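# Chains, contacts and geometry: an overview
Chain by chain, the residues:
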Amino acid sequence: MTLYTITYKKQRDDLGLLDEEVTIGAHSRGNYQSISPTASMSASRDWDPLSGTMSPGRRTFCLLATFDLILTFILWVIYTQLIGMKPIWKAFTEQVGNYTFEKSLFDTVMIAATRFTFLMLAYALCRIRHVWVIALTTTMTCAYLLVKCFMFEFSDSVLGGKNPLSYVLLIICFVLAWVETWMLDFKVIPSERQIIRAARGHHRGATERDHLLPADTEQSMATSDNREFYTPEGSEDEAEQSTHGSNHHHHQHSNRHHKHGHHKHERKASDVSVSSMSSVLSSATMQSVRSLSPESENYSQLLEEAKRDVMTMFHDDSWKHESGTSLETGMVYSQNIKKYGRKIFKLRGVVNMAPKDLWEDMVQGLNESPKWNPTILESRCLQQIDETTQIVYNISAEAAGGLVSSRDFVNVRHWFFIEEKNLFVSFGAGCTHPDMPEQKKYVRGENGPGGWVFEAVEGEPGKCLFTWIVNSNLKGWLPQAAIDQAMGNVLTTYFSLLVKRYDEISKQRRAQSNT
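Residues numbered from 1 in each chain as written. Predicted model: local features only at pLDDT ≥ 70, side-chain atom pairs only at ≥ 80, totals over all residues. Heavy atoms only, no water.

### Some words on the overall build of the protein chain
- Check the secondary structure of the protein chain and you find 16 helices and 14 strands.
- At a minimum sequence separation of 6, the contacts of the protein chain that also span at least 24 residues come to 65%.
- For the protein chain, the computed accessible surface area is about 27,500 Å², with 57% contributed by carbon and sulfur atoms. (Helix = DSSP H or I, 4+ residues; strand = E, 2+ residues; numbered from the N terminus. Contact = heavy atoms within 4.5 Å. Areas by Shrake-Rupley, 256 points an atom, 1.4 Å probe, with all protein chains shown as cover.)

### Looking at the side chain of Glu180
- Mapped onto the secondary structure, Glu180 falls in helix H7 (residues 165–212).
- For Glu180, a relative accessible area of 1% translates into the label buried.
- Every residue in contact with Glu180, bar those within four places of it in the chain, is listed here: Phe61, Leu64, Ala65, Asp68, Arg115, Leu119 and Ile134. (Buried < 20%, exposed > 50% of the residue type's maximum accessible area, 1.4 Å probe, protein only.)

### Overview of a nonpolar patch on the surface
- On the surface, Tyr167, Ile171, Phe174, Val175, Trp178 and Val179 cluster together into a nonpolar patch covering about 550 Å² of accessible area.
- Within the secondary structure, Val179 sits in helix H7. (Patch = residues over 30% accessible without salt bridge, like charges linked within 9 Å, V, L, I, M, F, W, Y side chains within 5 Å. Salt bridge = Lys/Arg side-chain N within 4 Å of Asp/Glu carboxyl O.)

### Digging into the pattern of salt bridges
- All chains considered together, the criterion is met by 17 salt bridges.
- Between Arg129 and Glu192 there is a salt bridge, with its nearest N and O atoms 3.1 Å apart. Of this pair, Arg129 sits in the loop between helix H4 (106–125) and helix H5 (132–151) while Glu192 is found in helix H7, placing the two residues 63 residues apart along the sequence.
- The exposure class assigned to Arg129 is partly exposed, which follows from its relative accessible area of 30%.
- Overall, the relative accessible area of 2% leaves Glu192 in the buried class.
- Residue Arg509 is joined to Asp361 by a salt bridge in which the shortest nitrogen-to-oxygen separation is 3.5 Å.

### Notes on H5
- For H5, built from 20 residues, the straight-helix expectation of 28 Å at 1.5 Å per residue is met to within 8% by its first-to-last C-alpha distance of 29 Å.
- Along H5, the residues classified as buried are Val133, Ile134, Thr137, Thr138, Thr141, Cys142, Leu145 and Lys148. Along the long axis of H5, the arc covered by the buried residues comes to 155°, so they all point the same way. Of the exposed residues in H5, those oriented more than 90 degrees away from the buried face are Trp132, Thr139, Met140, Leu146 and Phe150. (Expected span 1.5 Å × (residues − 1). Arc of directions from axis to C-beta.)

### Digging into the side chain of Thr72
- On the secondary structure map, Thr72 appears in helix H2 (residues 56–82).
- By relative accessible area, which is 1% here, Thr72 ends up buried.
- Look past the residues within four positions of Thr72 in its chain and what remains in contact with it is Thr108, Val109, Ala112 and Leu169.

### Some words on the pairing of strand S6 (residues 376–386)
- Both S6 and strand S7 (residues 389–396) contribute to a ladder of eight bridges, which runs antiparallel. Counterpart to Glu378 in the pairing with S7 is Ile395.
- Adjacent in sequence and paired antiparallel, S6 and S7 are bridged by two residues. (Pairing = 2+ DSSP bridges.)

### Overview of the packing of aromatic side chains
- Summed over the entire model, instances satisfying the criterion amount to 12 aromatic pairs.
- A ring pair is formed by Phe101 and Tyr144, whose centres lie 5.6 Å apart and whose planes are at 80°; its orientation type is edge-to-face. Placement of the pair is Phe101 in the loop between helix H3 (88–97) and H4 and Tyr144 in helix H5, with a sequence separation of 43 residues.
- For Phe101, a relative accessible area of 21% translates into the label partly exposed.
- On the basis of relative accessibility, which here comes to 28%, the residue Tyr144 falls in the partly exposed class.
- Residues Trp372 and Tyr494 carry aromatic rings whose centres are separated by 6.1 Å and whose planes lie at 45° to one another, so their mutual orientation is tilted. With Trp372 in helix H15 (residues 369–372) and Tyr494 in helix H16 (residues 480–514), this residue pair connects regions lying 122 residues apart in the sequence.
- Residue Trp372 is classed as buried on the basis of its relative accessible area, which comes to 16%.
- Feature note: the residues Phe73, Trp76, Phe92 and Phe106 constitute an aromatic cluster, connected by ring pairs.
- Directly above the aromatic system of Tyr502 lies the positively charged group of Arg501, at a separation of 5.3 Å from the ring centroid. (Phe/Tyr/Trp six-rings, centres within 6.5 Å; stacked < 30°, edge-to-face > 60°. Lys NZ or Arg CZ within 6 Å of the ring centre and 35° of its normal.)

### Observations concerning the nonpolar core
- With 32 residues, the main nonpolar core has Ile391 and Val425 as its most contacted residues.
- Listed by contribution, the elements that provide at least two residues to this core are helix H13 (299–315), strand S4 (331–337), S6, S7, strand S8 (407–418) and strand S9 (423–430).
- When residues no more than four places from it in sequence are discounted, the contact partners of Val425 are Met311, Trp359, His414, Trp415, Phe416, Ile418, Trp452 and Val453.
- If you look at the next biggest cluster of nonpolar residues, it comprises 27 residues, including Leu358, Trp359, Met487 and Tyr494. (Core = buried A, V, L, I, M, F, W, Y, C linked by side-chain atoms within 4.5 Å.)

### Some details on unusual backbone geometry
- Of note, the phi angle at Arg127 is positive, near 55°, even though the residue is not glycine.
- The backbone of Asn422 shows a phi angle near 55°, a positive value even though the residue is not glycine.
- Turning to its location among the elements, Asn422 is positioned in the loop between S8 and S9.

### Observations concerning the confidence of the model for the protein chain
- Of the residues in the protein chain, 70% reach a pLDDT of 70 or more, and the chain-wide mean stands at 75.
- pLDDT under 50 marks residues 1–45. Its contacts with residues more than four places away, or in other chains, come to 149 contacts.
- Between residues 211–296, whose pLDDT stays under 50, and residues either more than four places distant or in other chains, the model counts 117 contacts. (pLDDT = per-residue confidence, 0-100.)

### A word on the packing of H2 against H3
- Two elements in contact, H2 and H3, have axes separated by 9 Å at closest approach and are oriented at 120°. Where H2 crosses over H3, the handedness of that crossing is right-handed. Contacts between H2 and H3 involve Trp76, Val77, Tyr79, Thr80 and Gln81 from the former and Ile88, Ala91, Phe92, Gln95 and Val96 from the latter.
- Along the lines of polarity and charge, the residues of the contact of H2 with H3 split into seven nonpolar, three polar and no charged. (Axes fitted to C-alpha atoms, helices over the stretch in contact; angles between N-to-C directions. Left-handed = near helix turned anticlockwise from the far one by under 90°. Nonpolar A, V, L, I, M, F, W, Y, C, P; charged D, E, K, R; others polar.)

### Notes on the pairing of S8
- Counting buried positions along S8 gives 12 out of 12 residues, so the element sits mostly inside the fold.
- Neither face of S8 is open: one carries Arg407, Phe409, Asn411, Arg413, Trp415 and Phe417, the other Asp408, Val410, Val412, His414, Phe416 and Ile418, and all of them are buried.
- As judged from the seven bridges shared by S7 and S8, these two strands associate in the antiparallel manner. Bridged to Val392 within S8 is Asn411.
- The pairing of S8 with strand S10 (residues 443–444) spans two bridges and is parallel. Bridge pairing in S10 places Arg407 opposite Val443.
- Here S8 runs beside S9; their pairing, made up of eight bridges, is antiparallel. In the sheet register, Asn411 faces S9, and the bridge partner there is Gly430.
- Where S8 hands over to S9, the hairpin turn is made up of four residues, of which Asn422 adopts a positive phi near 55°.

Set out below in structure tokens:
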């Protein structure tokens, strides 16, 4: 296994300058800038809370409030014209000049105008991040419309009986008030708070670093690159690396030997994976590892949290059965986890392939998945962090006849083997990457901690009990309830495609072995 050792200076609290060594290998933890799965996706929005501009979500909300006022006014004008009074201005005079609560609907326009005024003052001019203003306007609107429904003379042949817009106007006014409330409370304010928290955390981290690192130290770090890379004997760079001296190489070797005792099981996982996955790592991907800098994102910290959450969910017994009748056809479970604020799904089923073979094939076959899975348009590796860690990019196909547009995802993933439990695992979580900003033609989805677990089936070494924990937020305007309702069918369809693919692969391998 090739190891790349990065040595750099870091000042910590009151301990002075220390040499801190970070080894990036199959199972090491890089030193990157800390990020979180939720804040990272939200902070990727093209909006700086310190710039003084309005966030994209808030602009959309203001446009919706404007649309509410204009639509209500247009519907009222059409309704007034359909009353049939001649000349036409007489109908408007009756509706506005001779206004009565029981016979005029001009008050719906006034309600929309009042609501628009309060919302623009609060959320466009003052830009407050509380819901009390829209809660007040929506409550007043609903109360007024409720009384209006009882008092208005719908039975009048001119005002209501022959004019269906009298019903439509009241209903539209009610619905738009609640749509605005939902958008502000569940979309605009939460997304802005996430971005602001991420910005504050970044600013706080930069401030602490400024206090810890004096100007002269920062300058020396910027002008002097202390990183040194090493490759083992026999590699292409051996001659170049030998110039660094044997003493430093001996120090690196002893340090790796010391770390071996702390990562016994994980290094055994490397022994399993490296031999079978060495073909994945080309010189191009190794070059991307060499180019990593200490200022890169802290994918290691993100993966550490994701690994803990995935294994906790995997061993949890509180899953509720959603669909499926047997493991041969796939069974779907779910549970609501407060930490993520949504329903998490788990797919379990038996695949006719040994766990290790299935694990290796699914991990290595990332780029091949669109060929057998029609729900995936593109799947590729953006960056190879180390031998068992990648940044990957996926694009999902449209669904429901185009009603659900394509989503794209950027994830960091890691795979390993737990020897004492005989479990093969591949897990990951959503992240950001400079090579793949948000694309205009796709909605950027967000994945929480999730992944695959491969277990042996007792007494049947040629079969694998496959588990997939799905923790996704598709974003966009899709109601979460509709997504949850369809997820069971989506997962069982995926599992049927998976079983079909590996049945074909197993037959091909048996045929090749017989020949």
